[in-house]
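Examining the three-dimensional arrangement
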Amino acid sequence: MSPLLSLIRKDILIEWRQKHTLFGVLLYVGATVFVVYMMSGQPEAKIWNALFWITQLFVAVNSVAKSFLQEHANRFRYYHTLVKPATFLLAKMVYSIVLLLAMSLVSLLLFCILLGTPLIQTGLFVCVAAIGSISLSVVFTFLSAIASRANQNAALMAILGFPLVTPVLMMLSNLATKAISPVYQPGWWSLALVLFALDILVVVLGLILFPFLWQE
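To start, this report covers the structure provided alongside it. Position numbers for residues start from 1 in each chain and track the written sequence from start to end. Where local features are concerned, this predicted model is filtered to residues with pLDDT of at least 70; where side-chain atom pairs are given and counted, the filter is 80 or more; whole-chain, interface and lining totals use all residues. No hydrogens and no water enter the side-chain calculation; it runs on all heavy atoms of the structure.

Comment: elements are numbered from the N terminus, with helices defined as DSSP H or I runs of at least four residues and strands as E runs of at least two. When helices and strands are counted, the chain shows nine helices and zero strands. The globule rule is 2.2 Å times the number of residues to the power 0.38, and the radius of gyration it is compared with is taken over C-alpha atoms. Here the chain has a C-alpha radius of gyration of 18 Å; the compact-globule value for 216 residues is 17 Å, and the two agree. When the backbone C-alpha atoms are referred to their principal axes, the chain occupies close to 55 × 40 × 35 Å. Classification of the 216 residues of the chain by burial places 43% in the buried group. In this analysis, two residues are considered to be in contact whenever any of their non-hydrogen atoms come within 4.5 Å of each other. Long-range contacts, defined here as pairs at least 24 residues apart, represent 83% of the contacts in the chain between residues at least 6 apart. Whether a residue is buried, partly exposed or exposed follows from its accessible area with a 1.4 Å probe, protein chains only, as a fraction of its type maximum: under 20%, in between, or over 50%, in that order.

A separate point is a nonpolar patch on the surface. Without a salt bridge and with relative accessible area above 30%, a residue can belong to a patch; like charges are then joined within 9 Å and nonpolar side chains (Val, Leu, Ile, Met, Phe, Trp, Tyr) within 5 Å. Here the open area of atoms and residues is found with the Shrake-Rupley method and a 1.4 Å probe, where only the protein chains shown may cover a residue. Salt-bridge detection follows one rule: a side-chain nitrogen of Lys or Arg within 4 Å of a carboxyl oxygen of Asp or Glu. A grouping of Phe 196, Ile 200, Leu 201, Val 204, Leu 205, Ile 208, Leu 209 and Phe 212 is seen on the molecular surface, where their side chains present a nonpolar patch of about 750 Å² in accessible area. Among the secondary structure elements, Ile 200 is positioned in helix H9 (residues 188-214). For Ile 200, a relative accessible area of 41% corresponds to the partly exposed category.

Okay, the nonpolar core next. To form a nonpolar core, buried Ala, Val, Leu, Ile, Met, Phe, Trp, Tyr and Cys residues must be joined to one another through side-chain atoms within 4.5 Å. Trp 48, Phe 52, Phe 88, Met 103, Phe 125, Val 128 and Leu 136 are the most contacted members of the largest nonpolar core, which has 61 residues in total. Elements supplying a minimum of two residues to this core: helix H1 (2-17), helix H2 (19-40), helix H3 (45-63), helix H5 (73-80), helix H6 (85-114), helix H7 (122-148), helix H8 (154-180) and H9. For this core, the leading source of residues is H7, giving 13 residues. If we ignore the near neighbours within four places in the chain, the residues touching Val 128 are Trp 53, Leu 172, Leu 175, Ala 176 and Trp 188.

Another point: the environment of Ile 12. Assignment of secondary structure puts Ile 12 in helix H1. With a relative accessible area of 42%, Ile 12 lands in the partly exposed category.

On to the packing of aromatic side chains. Aromatic rings from Phe, Tyr and Trp, with only the six-membered ring used for Trp, were paired whenever their centres fell within 6.5 Å, and each pair was classed as stacked if the ring planes differed by under 30 degrees, edge-to-face if by over 60, and tilted otherwise. Scanning all chains against the criterion turns up nine aromatic pairs. Through a chain of ring-to-ring contacts, the aromatic side chains of Trp 48, Phe 52, Trp 53, Phe 111 and Phe 125 assemble into a single cluster.

Turning our attention to the pattern of salt bridges. A side chain of one charge can pair with a side chain of the opposite charge when the charged atoms of the two come close. By the definition in use, this model includes two salt bridges. The shortest N-O distance in the salt bridge between Asp 11 and Lys 10 comes to 2.8 Å. This pair shows no difference in class: Asp 11 is buried, exactly as Lys 10 is. Through salt bridges with shared partners, a single network forms among Lys 10, Asp 11 and Lys 92.

A few words now on H6. For a helix, the expected span equals 1.5 Å multiplied by the residue count minus one. The first and last C-alpha atoms of H6 sit 43 Å apart over 30 residues, in line with the 44 Å expected at 1.5 Å per residue. Backbone geometry just downstream of H6 places Gly 116 in the positive-phi region, at approximately 85°.

Here it is in structure tokens:
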């Protein structure tokens with residue numbers, strides 16, 4: 001576990017030293033929520049839910065998707081001499097999850113302040129937002145790893161991301177409906193298990209494919 005924790009600590013220290021990047025993401029979150037507020041005011045619950053997850057998508061793209069793309073090719077060679085590819089990928093995923101969880105909490109707080117609070121079960125929605133942060137982080141970290149080994153081709157990440165992110169966002173939106181609607185939502189746990197299984201599948205695929213991607 002020592003190499004994994006060291007890599008996570010390294011990413012956190014780099015992010016903290018480059019404060020302009022972190023504060024830039026925070027500014028993006030605040031500006032996005034404010035623009036949504038100026039355009040829609042305090043919308044009804046279903047629209048509020050849709051706007052929140054669309055915002056989360058753009059926040060994930062700007063904060064998590066750069067995890068591998070900002071690494072130089074020579075640095076990859078250096079990491080290859082120190083740790084296993086699977087350890088490196090897991091460290092990036094854990095760091096991306098922590099970062100997006102923090103951004104999601106900030107986004108949710110701003111949504112509640114500016115766009116109102118249609119939440120009936122606040123705790124449940126926070127849990128769903130945390131699950132969504134994990135899902136989006138895992139998916140975009142995996143896509144960023146693929147794009148980084150394809151000559152830093154960010155367009156490849158967008159092409160591959162659409163069929164993966166769309167069902168994830170639809171499932172998250174449906175899961176969050178239980179927290180904003182007083183009506184009983186059947187099949188909630190089944191949908192949550194499907195989303196959990198999808199996250200596990202992406203992680204397993206990443207652990208299988210990334211060692212081959214890292215080879216030159």
